[in-house]
Amino acid sequence: LVKNVEGYVPGKPMFYATAMNVGGAATGLLAEVNDGRPTKIEGNPDHPFSLGAANAWHQASILSLYDPDRLKNPLSGGQE
């Protein structure tokens, strides 16, 4: 038996509060999820440290949630 998230509507994004440690400070974030896949990370305006701000490291962290077999380094002509 598979259970859906309560209140889930296909095609409508859901938001989850989370936190990320960068430089020794935990920053409150909101993760936007579309159909079960995280698509955007922004600062949580209700968090006392971030006050809705998110830097490039926070926003780029979304990429770490996808395919672990993706390229680790840029290639040119098949070589690093």
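Our structure is the block above this text.
Just so we're clear, the structure is a prediction, and the values are computed from it rather than from any experiment.

Trainee: Go over the sheet that holds strand β1 (residues 14-22), please, and point to the residues and values.
Mentor: With antiparallel pairing, three strands are arranged side by side in an open sheet as β1-β2-β3. Two strands lie at the open edges of the sheet, namely β1 and β3 (37-43), each paired on one side alone. Going across the sheet, the axis of each strand differs from the next one's by a mean of 35 degrees, ignoring polarity. Here strand β2 (residues 25-34) runs beside β3; their pairing, made up of six bridges, is antiparallel. Each residue of the ladder has a partner; that of Leu29, found in β3, is Gly43.

Conventions adopted
- Residues numbered from 1 in each chain as written.
- Predicted model: local features only at pLDDT ≥ 70, side-chain atom pairs only at ≥ 80, totals over all residues.
- Heavy atoms only, no water.
- Pairing = 2+ DSSP bridges.
- Helix = DSSP H or I, 4+ residues; strand = E, 2+ residues; numbered from the N terminus.
- Axes fitted to C-alpha atoms, helices over the stretch in contact; angles between N-to-C directions.

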